Amino acid sequence: MDRPNLIYQKSKSGRKGYSLPDTKLSENEILNFIPDKFRRSSDAELPEIAENEVMRHFVGLSIKNHHIDKGFYPLGSCTMKYNPKVNDKVAGMNGFKLQHPLSPNAVSQGSLTIYRELQKVLCEISGFDAVSLQPAAGAHGEFTGLQIMRAYHLENGDKKRTKIIIPDSAHGTNPATVTSVGFTTIQVKSNEHGVIPPEAVAEVMSDEVAGMMMTNPNTLGIFETHIKEIAEIVHKGGGLMYMDGANLNANMGIFRPGDVGFDIMHFNLHKTFSTPHGGGGPGSGAVGVIEKLAKYLPFPILQQRDDGTFYFDYDRPSSIGRVHSYHGNFGVLVRAYTYIRSLGGKGLREVSENAVLNANYLKESVRKYYDLPYDSICMHEFVISGSKQKQIGVKTLDISKRLLDFGVHSPTNYFPLIVPEAMMIEPTETESKETLDYFAEVMAQIAKEAETDIEQVTTAPHNTPVRRLDEVSAARNGDVAYLDV
Ligand SMILES: *Cc1c(COP(=O)(O)O)cnc(C)c1O
């Protein structure tokens, strides 16, 4: 049968990727070792191919796509840093990998110790008092956090509070979460410096507001400078403060959200704490809360007996319930713990310092060629605008496609919404000065091409395995079995 798959096309009858020692037995004699019921009636349709060709096939496939182990990936807000392989190695140890989430506590004490230790270090990093490791992604953490907010108000008999204040520079998942939880959004505008002025919050605060969600640093890559005043306004009005902490990469060892008035926050362990991500893979949106909200966290809660052993406590009458069928994505938790322990407190602070330094260095390097709508010191990322290029017929999408020709992934495009033709650039701390300089040179060249050789940009990419895709069908009706190139 003609199977349209590249590796099958490479197949040659009788070719093998292995050789077995000569046993002096005939094929039939060998087959006799296999009971009848396990024998095939016809040969399996497998490619017949040498080992080196198998390697080439799969390595070839892996480099057709862009990924962090192949090239620079400055996708803003996604923190596409290099993920040390030691994290995978530890998560892949049999003791972790083969553990079933419903194993009895008696055989899970090692894994539960990691669970507890990770909760402790996350509390230390963030300044919160308790952490749930159940949520499986950032948006899932937001969902959990707002459920906690609702449970808190309901338990206080405060049924009117159904509104959430959200800045116009918030991450897109924030308003989506508000809606999915059944609340409604009140939007507040950031000022000319890209931050939220306390007066804007005071104006909309009322006894119908359940709380405020702030992304910090916000999606412009700018640190919200008025958190304390804003938290005071919201708390005085009876609301709670939620921080979207997905982008903690600029904050570690420098700023602790739990210390300045935030009551709830989610982390994205698959961003800051170095789990490979993209393509919707497993993640962790751990949620931290202050002491008075700990009783609402998802159950079961990990507890420790006097003899030091761990167990799960299901008797949590105020809990919002489970948000994960087990205890979260454990492999991601092990990776985060390994990452944190291998760097230590000082190392994490250095990560943040270098993430901020790299972003500011790159911002200064590319601002000559593109508009910079908010000109201030940035945190882990910054936003430039392709408006200047748009006027001469080059869209931001074209610039992003052209970047692929140089082996660079696109920045996040057209977000945040408050910047026209936005390109959100996050280099992360793991890139060298040479890589940053290379990116700046490429961005300069594309800006020049836009003026002198416009088609080169508007018809890009030119040297990728596939050219421009219908992105909606590519995502919805992907054909992952065959690539005819
Ligand atoms: C990535 C991100 C999220 C969403 O996280 P997911 O794991 O993709 O659900 C939320 N907020 C911010 C600021 C983010 O960068």
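Caption draft 1: Representation of the overall build of the protein chain in the model. Secondary structure assignment for the protein chain yields 16 helices and 12 strands. Its C-alpha atoms give the protein chain principal-axis dimensions of about 85 × 75 × 40 Å. Accessible area of the protein chain: about 23900 Å², with a carbon and sulfur share of 54%. Each charge sign in the protein chain was given a centre, from 50 positive and 58 negative side chains, and these centres are 3 Å apart.

Caption draft 2: Looking closely at empty space enclosed by the protein. The tally for this structure, following the rule as stated, stands at 1 cavity of 30 Å³ or more. Along its surface, the largest cavity is lined by L220, I222, K363, L372, Y374, S376, C378, F382 and V383. Taken together, the residues of the lining of the largest cavity sort by class into 7 nonpolar, 1 polar and 1 charged.

Caption draft 3: Quick look at the domain arrangement of the protein chain. Each assigned domain of the protein chain is listed with its residue range as follows: domain 1 (5-52), domain 2 (85-341) and domain 3 (351-476). Domain 1 and domain 3 are separated by 50 Å when their C-alpha centres are compared.

Caption draft 4: Layout of the sheet that holds strand 11 (residues 412-413). With antiparallel pairing, 3 strands are arranged side by side in an open sheet as 10-12-11. Each edge of the sheet is formed by a strand with only one pairing partner; in this case those strands are strand 10 (382-385) and strand 11. The sheet contact formed by strand 11 and strand 12 (residues 422-425) spans 2 bridges and is antiparallel. Within strand 12, the position partnered with T412 by the bridge is M424. In the packing of helix 11 (residues 330-366) onto the sheet, contacts are made with strand 10 and strand 12, and the angle to strand 10 comes to roughly 15 degrees.

Caption draft 5: Geometry of the sheet that holds strand 2 (residues 163-167). Spatial ordering of the open sheet is given by 1-7-6-5-4-2-3, a layout of 7 strands whose pairing is mixed. The open sheet has two edge strands with one neighbour each: strand 1 (130-132) and strand 3 (184-188). Each strand of the sheet is rotated relative to its neighbour by a mean of 25 degrees, with strand direction disregarded. Here 4 bridges tie strand 5 (residues 240-245) to strand 6 (residues 264-267), and the two strands are oriented parallel to one another. Along strand 6, the bridge assignment pairs G245 with F267.

Caption draft 6: Structural detail: the pattern of salt bridges. Inspection of every chain in the model, using the stated rule, returns 23 salt bridges. Note that E53 and R56 form a salt bridge whose closest N and O atoms lie 3.2 Å from each other. One end of the pair, E53, and the other, R56, are both in helix 3 (residues 51-62), 3 residues apart, so they sit about a helical turn from each other. Across the pair E353 and R349 runs a salt bridge, and its minimum N-O distance is 2.8 Å.

Caption draft 7: Structural detail: the nonpolar core. Ranked by size, the top nonpolar core spans 77 residues in total, and within it L118, L122, M212, L269 and F273 carry the most contacts. If you tally residues by element for this core, the top one is helix 11, at 10 residues. M212 has contacts with M149, I164, I165, P167, V188, I196, V201, I230, V234, L240, M241 and Y242, leaving out every residue within four places of it along the chain. Listed in part, the 25 residues of the second largest apolar core include I384, F406, V408 and A450.

Caption draft 8: Examining the packing of aromatic side chains more closely. Summed over all chains, the structure comprises 7 aromatic pairs. Measuring from ring centre to ring centre gives 6.0 Å for Y115 and F312, while their planes differ by 80 degrees; the resulting arrangement is edge-to-face. Residue Y115 is located in helix 6 (residues 109-126), and its partner F312 is located in strand 9 (residues 310-313); the two are separated by 197 residues in the primary sequence. The pair Y115 / F312 is uniform in exposure class, with both members buried. Ring centres 6.4 Å apart and planes at 90 degrees place the aromatic pair Y152 and Y296 in the edge-to-face group. Within this pair, whereas Y152 is found in helix 7 (residues 138-155), its partner Y296 is found in the loop between strand 7 (287-289) and strand 8 (301-304), the two being separated by 144 residues in sequence. The class for Y296 is buried, based on a relative accessible area of 2%.

The rules we used
Residues numbered from 1 in each chain as written. Predicted model: local features only at pLDDT ≥ 70, side-chain atom pairs only at ≥ 80, totals over all residues. Heavy atoms only, no water. Helix = DSSP H or I, 4+ residues; strand = E, 2+ residues; numbered from the N terminus. Areas by Shrake-Rupley, 256 points an atom, 1.4 Å probe, with all protein chains shown as cover. Lys, Arg positive; Asp, Glu negative; His and termini not counted. Charge placed at Lys NZ, Arg CZ, Asp CG, Glu CD. 1 Å grid on protein atoms, 1.4 Å probe; cavity = no way out; pocket = protein on both sides within 12 Å on 5 of 7 lines; lining within 4 Å. Points joined across faces, edges and corners; volume = space filled by probe spheres on them. Nonpolar A, V, L, I, M, F, W, Y, C, P; charged D, E, K, R; others polar. Domains from an automatic or database assignment. Pairing = 2+ DSSP bridges. Contact = heavy atoms within 4.5 Å. Axes fitted to C-alpha atoms, helices over the stretch in contact; angles between N-to-C directions. Salt bridge = Lys/Arg side-chain N within 4 Å of Asp/Glu carboxyl O. Core = buried A, V, L, I, M, F, W, Y, C linked by side-chain atoms within 4.5 Å. Buried < 20%, exposed > 50% of the residue type's maximum accessible area, 1.4 Å probe, protein only. Phe/Tyr/Trp six-rings, centres within 6.5 Å; stacked < 30°, edge-to-face > 60°.

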